[in-house]
Amino acid sequence: MSTIFNKIITGEIPSYKIAENEDFFAFLDIRPLAKGHTLVIPKKETDYIFDLQDAELSGLILFAKYVAHAIKKVIPCTKIGLCVIGIEVAHAHIHLVPINAVSDLNFSNPKLELTSEEMHDIAYSIRKELENL
């Protein structure tokens, strides 16, 4: 069964795309904990991140690292936190969240409500920064 993430990859559902290659896709979370909160996913539909083959998992982490560097240059923060939960959507994914404290990665915290224009501007800024990496 196709997940919402597959529909995002194929463009069936619009997203604020950050980066994409043959195997991976990164886009802004529409219910972010912080500005720049990005989801990084494999294009291959796999429910549980640790079911990915070793090369796929390491590729996903390296792709996330590339995206995280760009986010950190664009969004003022101390670090980019990485979190894998995998409960809400049955498609392996990594959360990259700009953080200043451990509590910033608490998914019980209220989510930001950003306008479409704000989301577009954030995605654009991160994509532009990726061009410089």
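Quick caveat: nothing in here was measured; it's all calculated off a predicted structure.

### Side note on the sheet that holds strand E2 (residues 24–28)
Each strand in a sheet pairs with its neighbour through backbone hydrogen bonds, running either in the same direction (parallel) or in the opposite one (antiparallel).
Here comes step 1: Taken in spatial order, the five strands of this open sheet run E1-E2-E3-E5-E4, and their pairing is antiparallel. The strands lining the two open edges of the sheet, one partner per strand, are strand E1 (17–20) and strand E4 (79–83). Averaged over neighbouring strand pairs, the angle between their axes works out to 20° when direction is ignored.
Here comes step 2: Contacts from helix H2 (residues 54–74) reach E1, E2, strand E3 (38–42), E4 and strand E5 (94–99), with the element oriented near 25° to E5.
Here comes step 3: On top of the sheet, helix H3 (residues 116–132) reaches E1 and E2; it is set at about 30° to E1, its chief contact.

### A word on the packing of H2 against H3
Here comes step 1: Two elements in contact, H2 and H3, have axes separated by 8 Å at closest approach and are oriented at 115°. Note on packing geometry: the crossing formed by H2 with H3 is right-handed. Residues Tyr66, Val67, Ala70, Ile71, Lys73 and Val74 of H2 touch H3, and the partners they reach there are Ser125, Ile126, Glu129 and Leu130.

### Examining a nonpolar patch on the surface
Here comes step 1: Nonpolar side chains collect at one region of the surface, where Ile61, Leu82 and Val84 lie side by side and expose about 230 Å² of accessible area between them.
Here comes step 2: Looking at Ile61, the relative accessible area reads 38%, which means it is partly exposed.

### Considerations on the pairing of E5
Here comes step 1: Summarising burial for E5: six of the six residues are buried, a large majority.
Here comes step 2: Where E3 lies against E5, three bridges are found, and the strand directions are antiparallel. Directly across from Val40, in E5, lies its bridge partner Ile94.
Here comes step 3: Where E4 meets E5, five bridges bridge the pair, whose relative direction is antiparallel. Looking at E5, one finds that Lys79 is bridged to Ile99.

### Observations concerning the packing of aromatic side chains
Here comes step 1: The tally for this structure, following the rule as stated, stands at five aromatic pairs.
Here comes step 2: Between the aromatic rings of Phe5 and Phe27, the centroid separation amounts to 5.5 Å while the plane-to-plane angle is 75°, which identifies the pairing as edge-to-face. You can see Phe5 sitting in helix H1 (residues 4–9) and its partner Phe27 sitting in strand E2, a full 22 residues away along the chain.
Here comes step 3: By relative accessible area, which is 3% here, Phe27 ends up buried.
Here comes step 4: Among the aromatic residues, those joined into a ring-pair cluster are Phe5, Phe25 and Phe27.

### Some points on the pattern of salt bridges
Here comes step 1: The full count for this structure, using the stated rule, is four salt bridges.
Here comes step 2: With its nearest N and O atoms 2.7 Å apart, the salt bridge here joins Lys43 to Glu20. Remark: Glu20 occurs in strand E1 and Lys43 occurs in the loop between E3 and H2; sequence separation between them is 23 residues.
Here comes step 3: Judged by relative accessible area, Lys43 falls into the partly exposed class, the value being 24%.
Here comes step 4: The salt bridge partner of Lys44 is Glu56, with a shortest N-O separation of 3.1 Å. Here Lys44 is found in the loop between E3 and H2, whereas its partner Glu56 is found in helix H2, with 12 residues between them in sequence.
Here comes step 5: Residue Glu56 is classed as partly exposed on the basis of its relative accessible area, which comes to 22%.
Here comes step 6: Residues participating in the shared-partner salt-bridge network are Lys17, Glu20 and Lys43.

Reading the values: the criteria
Residues numbered from 1 in each chain as written. Predicted model: local features only at pLDDT ≥ 70, side-chain atom pairs only at ≥ 80, totals over all residues. Heavy atoms only, no water. Pairing = 2+ DSSP bridges. Helix = DSSP H or I, 4+ residues; strand = E, 2+ residues; numbered from the N terminus. Axes fitted to C-alpha atoms, helices over the stretch in contact; angles between N-to-C directions. Contact = heavy atoms within 4.5 Å. Left-handed = near helix turned anticlockwise from the far one by under 90°. Patch = residues over 30% accessible without salt bridge, like charges linked within 9 Å, V, L, I, M, F, W, Y side chains within 5 Å. Areas by Shrake-Rupley, 256 points an atom, 1.4 Å probe, with all protein chains shown as cover. Salt bridge = Lys/Arg side-chain N within 4 Å of Asp/Glu carboxyl O. Buried < 20%, exposed > 50% of the residue type's maximum accessible area, 1.4 Å probe, protein only. Phe/Tyr/Trp six-rings, centres within 6.5 Å; stacked < 30°, edge-to-face > 60°.

No statement about biological role is implied by the geometric values presented.
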